[in-house]
Amino acid sequence: MNALTAMQLLPDVQAQADFRKQRIDAVGVKGVRYPVVIHSGAHAVATIASFSMNVALAPEIKGTHMSRFIELIEAHASHLDLAGLRALVFEMLERLDARSGSITLRFPYFVSKAAPVSGVNSLLDHDVEWCGSVDADGQFALRVRVVVPATSLCPCSKQISAYGAHNQRSHISIAAEIRDSISIEELIAIAEASASCEVYGLLKRADEKFVTERAYDNPKFVEDLVRDVAHALDQDARIGGYLIEAENFESIHNHSAFARIERIGPEPAATRASRHLHVAAADGVNGALS
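**Student:** Can you help me understand helix 6 (residues 205–216) in this one?
**Tutor:** Since the α-helix packs 3.6 residues into each turn, any two residues three or four apart lie on the same face. Compared with an ideal rise of 1.5 Å per residue, which puts 12 residues at 16 Å, helix 6 spans 17 Å between its outermost C-alpha atoms and is within 8% of the ideal. Of all the positions in helix 6, only Asp207, Val211 and Ala215 are classed as buried. One side of helix 6 carries all its buried residues, which in axial view fall inside an arc of 60°. Residues of helix 6 that are exposed and point over 90 degrees away from its buried face: Arg205 and Lys209. Contact partners of the buried residues in helix 6: strand 6 (140–153) and strand 8 (197–198).

What follows is the structure, given as structure tokens:
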């Protein structure tokens, strides 16, 4: 008897029936670290991602097949862009015979930045999250989150002080529903444009002078940070709903200041059309029955 035949004879315990009849909303694996090349716009960045993968489990099925999640990562996750993530989600549902599920990967994403005066290059890391999900109606949703370090300088401190103003490093987080392709770099640029000044991995003296004066000439409250980002996202048709958060790690307090804006985006045209068709069909049935 060969090994394959012996494996086929082993009982598939997960596929057995379950008497409790309780649907499980999400079951899968999390914290799976895997090397991956992230393709974003014209860039390809090698990094280490942490994967979380899950599917819904029908009430009559005892368990899911955990090994199939890892098989998917091994087969398809070494190179990923947003289109590839979408394809991976649907393949996961097919392989696990599920109607709904999601894949989330979190990874540090490195951007090469040139210092503003000297032009010296250095890498700056950003925390990024991609999440692709399919609901029970088969609707796919894609969310991208970036956390961007920046500098903010207090307008009040500048206004009331005879000289100087307190400033701090800030984290600006954008979690956006993506309707069309948008690069990580574009979201980072939106966050950086809202700040008093960008931050860099490496600065020479002339650069340090530039960023200090740039922040002083461009003071921003934490409220300004989230409002400026929201205004930019509202102008971009590729963005649906979003959650924007900013946290200032205060230099004159032992606490942070923060602000948040959350907006639910308009319903996509395709979903609206589908919903209207369902309503029209239901109305037709109701009319025939009345």
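**Student:** So what exactly am I meant to see when it comes to the packing of helix 2 (residues 66–76) against helix 3 (residues 82–95) here?
**Tutor:** Two measures define how a pair of helices packs: the angle their axes make with one another and the distance between the axes. Where helix 2 contacts helix 3, the two axes come as close as 10 Å, and the packing angle between them is 140°. Note that helix 2 runs across helix 3; the crossing there is right-handed. For the pair helix 2 and helix 3, contact is made by Arg68, Phe69, Glu71, Leu72 and His76 and by Leu88, Glu91, Met92 and Arg95, respectively. Residues belonging to the contact of helix 2 with helix 3 are distributed by class as follows: four nonpolar, one polar and four charged.

**Student:** Mind showing me how you'd approach the packing of helix 5 (residues 184–194) against helix 7 (residues 222–234) here?
**Tutor:** Helix 7 packs onto helix 5 with a crossing angle of 135° between their chain directions and a minimal axis gap of 8 Å. Between helix 5 and helix 7, the crossing angle belongs to the class labelled oblique. The handedness of the crossing between helix 5 and helix 7 is right-handed. Seen from helix 5, the contacting residues are Leu187, Ile190, Ala191 and Ser194; seen from helix 7, they are Leu225, Asp228, Val229, Ala232 and Leu233. Looking at the contact of helix 5 with helix 7 residue by residue, the classes come out as seven nonpolar, one polar and one charged.

Quick notes on the rules
Residues numbered from 1 in each chain as written. Predicted model: local features only at pLDDT ≥ 70, side-chain atom pairs only at ≥ 80, totals over all residues. Heavy atoms only, no water. Helix = DSSP H or I, 4+ residues; strand = E, 2+ residues; numbered from the N terminus. Expected span 1.5 Å × (residues − 1). Buried < 20%, exposed > 50% of the residue type's maximum accessible area, 1.4 Å probe, protein only. Arc of directions from axis to C-beta. Contact = heavy atoms within 4.5 Å. Axes fitted to C-alpha atoms, helices over the stretch in contact; angles between N-to-C directions. Left-handed = near helix turned anticlockwise from the far one by under 90°. Nonpolar A, V, L, I, M, F, W, Y, C, P; charged D, E, K, R; others polar. Parallel < 35°, antiparallel > 145°, perpendicular 65-115°, else oblique.

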